[in-house]
Amino acid sequence: MDILLKRKITRGGFFVLICLSFLLLLPKVFAQSATLQQSLTLSPTSNIQSFDKGASSDGTVQVINQGSAAYDFSVYATPYSVSGEDYQQDFSPIPGAINIASWFNFPSATYHINPGQTVAVPYTINVPSTVLSGGYYGVIFAEIQNPQVVNGVTIKDRLGSIFYLTVNGPAVNQGSLLSWDTKPFQKPNLTGYVRVANTGTLHFSASVNATVKDMFGFTKLNFSSVKEVLPQTVRRIPIEWKNTPFMGLYKINGSVTYLGKTSTLGTKYVIVMSQLARYIIGGIAILLVLMLIIHEIAKYRRNKKKKKHGPNKKKKK
Amino acid sequence: MKKYFFIIPAFFLLLFALPSTIVSAATSTTTINVAVASVITISSGGTLNLSVTPSGSGAQTVGSDTVTISTNDTAGYTLKISNSSASTANLISGSNTISPSAGTQASPTVPQSVNSWGYCVTGVGGFACPSVASSSQAISNTYSFAGTPLSASPNTLKATATTATNDTTVVWYGVSADTTKPSGTYTSTVTYTGIAN
């Protein structure tokens with residue numbers, strides 16, 4: 001009888017153990033399926049190349065899957081243009097302008113990539129012999145091809161690699177630093193702007209370096225950014241300190257290097273104060289004013305009382 | 001004999017000095033140049049399922065998707081949104097459609113029109129976005145939405161000044177429907193574009 005009971009208990013325990021294992025494993029399985037994520041990486045982010053008229057060149061862009069899900073992606077080229085000083089990018093053909101998307105050739109339009117895999121996407125650029133010398137701009141896009149969802153919104157992620165192409169020949173390399181501005185009183189994040197003009201016929205790189213120091217002379221930020229400035233445009237390049245402290249007095253200076261020359265960015269002082277800090281300081285100021293008013297009123301009343309009771313006291317004496 | 005004692009320390013001095021002399025004589029400098037390629041990474045939800053049970057005056061469902069971008073390019077990056085279609089931004093179910101919100105990013109529609117859908121990103125344009133997902137609620141008088149632009153003219157959601165690591169942007173989507181809208185599975189495709197500045 002005891003042996004039978006023991007066996008039953010053992011079997012029951014074994015059953016409970018299996019159930020517990022299931023319970024413990026199940027969320028893990030669900031979690032694994034829930035964390036399957038698509039991730040698309042493209043390299044390089046930009047490409048600077050020079051060509052003679054009628055020349056061609058082969059190259060590759062790297063597409064990397066750092067996620068946990070496999071997917072298909074397509075590759076294609078578009079023209080690249082900008083508008084405004086903030087460089088609003090546009091990938092549509094401009095009527096009357098040369099569409100360099102047709103200069104790009106890909107052996108395949110779609111690829112499959114597994115997690116952890118890198119796919120080198122080959123391309124060939126064929127520059128027509130009839131084209132004028134100067135700068136031409138395009139983008140190679142890699143775009144995830146997600147299957148259409150049954151109900152709702154299908155999301156497609158795509159990344160672009162910008163191509164700055166120079167067709168050799170007579171060209172004008174010309175540009176200038178137009179301005180360097182920063183507001184003396186700001187809310188976080190601390191921001192300044194450098195405006196660089198390209199008055200030539202070819203793009204050039206503008207390398208902006210800036211240092212932000214606090215009032216004790218300690219360096220708080222070393223900012224560095226390299227941006228391409230397209231011909232016949234003005235580019236407003238932001239200098240931004242992410243996660244600026246809520247309050248402080250800072251000194252900014254730096255330099256801009258372009259077309260082989262360096263222009264110094266003169267020293268500017270900036271007071272940074274968050275909205276909360278402004279409220280606190282404003283509150284303290286109001287409190288001080290109120291205290292001052294109360295003090296003055298009390299003083300006035302005391303004086304008035306003194307004046308009122310003054311003669312009586314004298315009389316008593 | 002004593003006068004030769006200096007030879008012993010001289011020998012040891014030579015013994016220790018010689019290798020360093022030889023080493024210094026054999027030393028040459030090598031400049032190592034390392035080219036670190038620029039990369040940009042994007043990830044998002046991939047799909048967003050929104051279900052709405054319509055009501056007479058219109059019911060609204062809101063849900064979000066998070067776009068994460070990293071880049072080591074010191075020029076920073078720009079994130080854009082557009083519909084994948086060049087011709088229509090409708091949610092489509094056969095011959096039935098739910099039109100995109102008439103509002104734009106600069107001037108989004110509030111409250112959301114009945115039988116429309118759109119997106120909202122906090123801190124961008126004139127948006128006032130939800131903070132939690134909700135399903136088939138009365139149309140909010142607070143949340144504002146803009147229609148997704150066509151593929152030729154994407155809207156900019158973010159432009160950064162320098163490198164970024166796992167920089168997230170939450171994109172809210174809202175859809176509203178009343179009982180005049182035929183039931184069905186309505187779909188559309190949205191493209192997020194990440195590109196260096």
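> Talk me through the overall build of chain B; I want residue IDs and the actual numbers.
What chain B contains, in helices and strands, is one helix and 11 strands. N-terminal to C-terminal, the α/β element order of chain B is α-β-β-β-β-β-β-β-β-β-β-β. Counting all 197 residues of chain B, 46% fall into the buried class. Considering only residue pairs separated by 6 or more positions, chain B has 80% of its internal contacts joining residues 24 or more positions apart. In the structure as shown, chain B presents an accessible area of about 9,600 Å², 60% of it carried by carbon and sulfur atoms.

> Please give an account of the sheet that holds strand S17 (residues 233-241) of chain A that cites residues and values.
For sheets, the rule is that strands pair by backbone hydrogen bonds, running either parallel or antiparallel. Residues and elements named next belong to chain A. Spatial ordering of the open sheet is given by S12-S14-S17, a layout of three strands whose pairing is antiparallel. Of all strands in the sheet, those with a lone pairing partner are strand S12 (175-181) and S17, marking the two edges. Neighbour to neighbour, the strand axes of the sheet diverge by 20° on average, direction disregarded.

> Please give an account of the packing of aromatic side chains that cites residues and values.
All names here are of chain A. By the definition in use, this model includes 14 aromatic pairs over all chains. With a centroid separation of 5.2 Å and 80° between ring planes, the pair formed by Phe104 and Phe163 is classed as edge-to-face. Taken as a pair, Phe104 in strand S7 (residues 104-105) and Phe163 in strand S11 (residues 152-167) lie far apart in primary sequence, 59 residues in all. An aromatic cluster is defined as three or more aromatic residues linked by ring pairs; in this entry it consists of Tyr76, Tyr80, Phe91, Tyr137, Phe141 and Tyr164. For the cation-ring pair, Arg158 lies above Phe141, with the distance from its terminal atom to the ring centre recorded as 4.0 Å. Arg236 extends its terminal NZ or CZ atom over the ring of Tyr193, reaching a point 3.6 Å from the ring centre.

> Hey, could you go over the state of the cysteines for me, with residue numbers and the actual values?
Residues and elements named next belong to chain B. Counting across every chain of the model gives one disulfide over all chains. There is a disulfide in this structure between Cys120 and Cys129, and the S-S distance comes to 2.0 Å. Residues Cys120 and Cys129 share a disulfide whose torsion about the S-S bond is about -100°; that sign makes it left-handed. Its relative accessible area of 0% is what places Cys120 among the buried residues.

> How would you summarise the domain arrangement of chain A if you had to cite specific residues and measurements?
Residue and element names in this part refer to chain A. Entries for chain A in the domain assignment read domain 1 (41-167) and domain 2 (175-273). The C-alpha centroid of domain 2 is placed 30 Å from the C-alpha centroid of domain 1. Between domain 1 and domain 2, the residue contacts involve 13 residues of the former and 12 residues of the latter. Across the contact surface, domain 1 and domain 2 share two salt bridges. The residue Asp86 makes a salt bridge to Arg236 at a minimum N-O spacing of 3.1 Å.

> Kindly report on the interface of chain B and chain A, identifying the contributing residues and their values.
Contacts between the two partners involve 47 residues from chain B and, on the opposite side, 43 residues from chain A. Note on chain B versus chain A: buried area summed over both sides is about 3,600 Å², and carbon and sulfur give 49% of it. On the chain B side of the contact with chain A, Ile42, Ala161 and Ile195 of chain B bury the most area, a combined 14% of that side's loss. Summed over the shared surface of chain B and chain A, the number is zero salt bridges. If you look at where chain B meets chain A, you find 29 residue pairs in polar contact (both at pLDDT 80 or more). The set of elements that each furnish at least two residues to the side of chain B that touches chain A consists of strand S1 (40-43), strand S2 (47-48), strand S3 (59-71), strand S4 (77-83), strand S10 (164-177) and strand S11 (187-196) of chain B. For the side of chain B that touches chain A, the element with the highest residue contribution is S11 of chain B, accounting for 10 residues.

> Provide a residue-level description of the sheet that holds strand S18 (residues 247-258) of chain A, including the pertinent values.
The mixed open sheet is built from five strands, whose spatial order is S13-S19-S18-S15-S16 (chain A). Every other strand in the sheet has two partners, leaving strand S13 (185-186) and strand S16 (219-229) of chain A as the edge strands with one partner each.

> How would you summarise a nonpolar patch on the surface if you had to cite specific residues and measurements?
All names here are of chain A. Together, Phe185, Met215, Phe216, Phe218, Leu249, Tyr269 and Ile271 make up a nonpolar patch on the protein surface, roughly 810 Å² of accessible area in all. Within the element layout of this structure, Phe185 appears in strand S13. Exposure remark for Phe185: the relative accessible area of 43% places this residue in the partly exposed category.

What counts, and where the lines are drawn
- Residues numbered from 1 in each chain as written.
- Chains lettered and ligands numbered in written order.
- Predicted model: local features only at pLDDT ≥ 70, side-chain atom pairs only at ≥ 80, totals over all residues.
- Heavy atoms only, no water.
- Helix = DSSP H or I, 4+ residues; strand = E, 2+ residues; numbered from the N terminus.
- Buried < 20%, exposed > 50% of the residue type's maximum accessible area, 1.4 Å probe, protein only.
- Contact = heavy atoms within 4.5 Å.
- Areas by Shrake-Rupley, 256 points an atom, 1.4 Å probe, with all protein chains shown as cover.
- Pairing = 2+ DSSP bridges.
- Axes fitted to C-alpha atoms, helices over the stretch in contact; angles between N-to-C directions.
- Phe/Tyr/Trp six-rings, centres within 6.5 Å; stacked < 30°, edge-to-face > 60°.
- Lys NZ or Arg CZ within 6 Å of the ring centre and 35° of its normal.
- Disulfide = S-S within 2.5 Å.
- Domains from an automatic or database assignment.
- Salt bridge = Lys/Arg side-chain N within 4 Å of Asp/Glu carboxyl O.
- Buried area = accessible area lost by both parts, 1.4 Å probe.
- Polar contact = N/O pair within 3.5 Å; in protein donor to acceptor, adjacent residues only side chain to side chain.
- Patch = residues over 30% accessible without salt bridge, like charges linked within 9 Å, V, L, I, M, F, W, Y side chains within 5 Å.

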